[in-house]
Amino acid sequence: LSDISDIKAKDFLNETGKSCTCKKELNITEENDHDQAKWDRDILLYYGLDNFHQNHRQYADSRDDKQLNGKRWTNGKPDIPDFDCEDPNHSANISGEVLPIFPCGSIAKSIFNDTVKMSFKNSSCKKQPITLLKTGIAMPFDKKRFNNPVNDSELYKLNGLIEKPVTWPKDIWDLDKPNPSNNGLENEDLIVWMRSAPLGNFRKLWRRVDHNDRKHIELKDGLHTGYMYTVEIEYNYQVSGFDGRKKVIITRANPLGAKNKMRGYIAMAAAVFFYFFSALFFLLARAENSSNQKN
């Protein structure tokens with residue numbers, strides 16, 4: 001959709017320390033979608049980062065899986081994290097008591113924290129917010145590896161027992177306060193981020209359009225032509241420190257997953273690789289058989 005690494009937004013964030021809002025208007029037309037003027041449901045939003053290397057070994061290892069699974073807990077109190085988490089993995093409160101960083105490590109510390117809103121102008125030219133779902137974005141296998149150490153409704157009791165990562169504006173119990181099942185370590189934004197990307201340029205699933213919300217029944221079967229859509233990004237995540245760029249991608253889901261050119265390139269490269277070596281081994285086998293027959 002759009003590059004949101006706008007120089008003005010970066011300068012504003014660096015100079016004031018405050019976030020700002022970036023807006024992008026778009027519509028669905030035959031010109032920008034080639035052969036059709038409607039995007040069938042389900043519509044997905046991704047964020048993309050360039051030149052961010054989550055696959056760096058030291059970065060990828062900087063986590064405590066036992067803590068993330070809610071098992072680093074003794075006698076009703078959280079334990080100090082494993083030393084695989086880079087320092088600092090603990091902090092001290094006002095009274096000098098040592099408290100664990102929760103969650104610890106470089107991956108959690110650098111979590112993507114921009115926020116997104118989406119709206120459209122209906123047939124009466126009235127601006128209508130689009131409901132974006134924060135759940136259903138993490139892989140089921142990953143969700144099993146992240147568990148809160150206490151009941152979802154009791155996360156607030158961690159206050160005074162843990163310290164949040166220094167870069168986090170919110171505490172762990174405030175990640176999705178209205179939805180207790182998506183809060184704490186079980187927050188799907190956190191789970192998605194904690195799965196390290198294999199390449200330096202990557203995208204991660206961010207939100208899903210709720211097509212079943214009757215407040216915007218016009219979108220029940222997808223995004224239609226004739227409506228003007230607006231995407232609003234609250235710019236919080238700095239990319240200037242690693243000379244990176246960030247993007248918002250709007251795409252459609254299908255049985256094979258969302259559109260991803262890189263996935264196609266990898267599949268084509270793998271097909272060429274296996275075809276080449278299959279042909280090579282076939283020729284070598286024929287040459288060996290011919291040699292054996294002559295002998």
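Keep in mind that what you see is a predicted model, and the values were worked out from it rather than measured.

**Overview of the environment of Ile-233**
In step 1: Residue placement: Ile-233 occurs in strand S14 (residues 228–235).
In step 2: According to the relative accessible area criterion, Ile-233 is buried, its value standing at 2%.

**A look at the sheet that holds strand S9 (residues 115–121)**
Think of a sheet as strands paired side by side through backbone hydrogen bonds, with each pair either parallel or antiparallel.
In step 1: Reading across the sheet, the 4 strands line up as S2-S14-S9-S10 and stay open at both edges, with antiparallel pairing between neighbours. The open sheet has two edge strands with one neighbour each: strand S2 (20–26) and strand S10 (127–130). Recorded for the sheet is a direction-independent mean angle of 25° between the axes of neighbouring strands.
In step 2: As paired strands, S2 and S14 are joined by 7 bridges and run antiparallel to one another. Paired with Cys-20 across the two strands is Tyr-235, which belongs to S14.

**Notes on the packing of aromatic side chains**
In step 1: Under the criterion given, the structure shown has 18 aromatic pairs.
In step 2: A centroid spacing of 6.1 Å and a plane angle of 40° characterise the contact between Phe-277 and Phe-281, whose relative ring orientation is tilted. A residue pair is termed a helical-turn pair when its members lie 3 or 4 positions apart in one helix, as Phe-277 and Phe-281 do in helix H8 (residues 261–294) at 4 residues.
In step 3: Take Phe-277: its relative accessible area is 31%, and that puts it in the partly exposed class.
In step 4: Every member of this aromatic cluster is reached through a ring pair, and the members are Tyr-47, Phe-52, Tyr-59, Phe-112, Trp-193, Phe-202, Trp-206, Tyr-237 and Phe-242.
In step 5: The ring of Tyr-46 carries the charged tip of Arg-203 above its face, separated from the ring centre by 5.7 Å.
In step 6: Stacked on the ring of Tyr-235, the Lys or Arg Lys-246 has its end atom at 3.5 Å from the ring centre.

**Regarding a nonpolar patch on the surface**
In step 1: Among the surface-exposed residues, Phe-273, Phe-274, Phe-276, Phe-277, Leu-280, Phe-281 and Leu-284 lie close enough to one another that they form a single nonpolar patch of about 730 Å² accessible area.
In step 2: Here Phe-273 shows up in helix H8.

**A short note on unusual backbone geometry**
In step 1: Cis rather than trans, the peptide bond between Arg-41 and Asp-42 has omega equal to 10°.
In step 2: When you line up the elements, Asp-42 lands in the loop between strand S3 (38–40) and strand S4 (43–50).
In step 3: Across the junction of Phe-102 and Pro-103, the peptide omega takes the value -5°, indicating a cis bond.
In step 4: Here Pro-103 lies in the loop between strand S8 (98–100) and helix H5 (106–109).
In step 5: Positive phi is not limited to glycine here, since Asn-75 has a value of about 50°.
In step 6: If you check the backbone angles, Asp-243 has positive phi at about 55° while not being a glycine.
In step 7: In this structure, Asp-243 sits in the loop between S14 and strand S15 (245–252).

**Some points on the nonpolar core**
Soluble globular proteins tend to bury their nonpolar side chains together.
In step 1: Counting residues in hydrophobic clusters, the biggest one holds 58 residues, and the most contacted among them are Met-118, Ile-172, Trp-193 and Tyr-229.
In step 2: Of all the secondary structure elements, the ones that give two or more residues to this core are S2, S4, H5, S9, helix H7 (188–194), strand S12 (202–209), S14 and S15.
In step 3: With residues near it in sequence (within four places) discarded, Trp-193 still touches Tyr-47, Leu-49, Phe-52, Gln-54, Tyr-59, Ile-107, Ser-110, Ile-111, Phe-112, Phe-202, Lys-204 and Tyr-237.

**Details of the pattern of salt bridges**
In step 1: Tallied over the full model, the rule gives 13 salt bridges.
In step 2: The shortest N-O distance in the salt bridge between Lys-127 and Glu-232 comes to 3.1 Å. Of this pair, Lys-127 sits in strand S10 while Glu-232 sits in strand S14, placing them 105 residues apart in sequence.
In step 3: A salt bridge links Arg-195 to Asp-142, with the shortest nitrogen-to-oxygen separation between them at 2.7 Å. Here Arg-195, found in the loop between H7 and S12, pairs with Asp-142, found in helix H6 (residues 140–143); they are 53 residues apart in sequence, far enough to count as distant.
In step 4: Given the relative accessible area of 4%, Asp-142 is considered buried.
In step 5: Put simply, Asp-142, Arg-145 and Arg-195 are held in one network by salt bridges that share partners.

Scoring rules and cut-offs
- Residues numbered from 1 in each chain as written.
- Predicted model: local features only at pLDDT ≥ 70, side-chain atom pairs only at ≥ 80, totals over all residues.
- Heavy atoms only, no water.
- Helix = DSSP H or I, 4+ residues; strand = E, 2+ residues; numbered from the N terminus.
- Buried < 20%, exposed > 50% of the residue type's maximum accessible area, 1.4 Å probe, protein only.
- Pairing = 2+ DSSP bridges.
- Axes fitted to C-alpha atoms, helices over the stretch in contact; angles between N-to-C directions.
- Phe/Tyr/Trp six-rings, centres within 6.5 Å; stacked < 30°, edge-to-face > 60°.
- Lys NZ or Arg CZ within 6 Å of the ring centre and 35° of its normal.
- Patch = residues over 30% accessible without salt bridge, like charges linked within 9 Å, V, L, I, M, F, W, Y side chains within 5 Å.
- Areas by Shrake-Rupley, 256 points an atom, 1.4 Å probe, with all protein chains shown as cover.
- Salt bridge = Lys/Arg side-chain N within 4 Å of Asp/Glu carboxyl O.
- Core = buried A, V, L, I, M, F, W, Y, C linked by side-chain atoms within 4.5 Å.
- Contact = heavy atoms within 4.5 Å.

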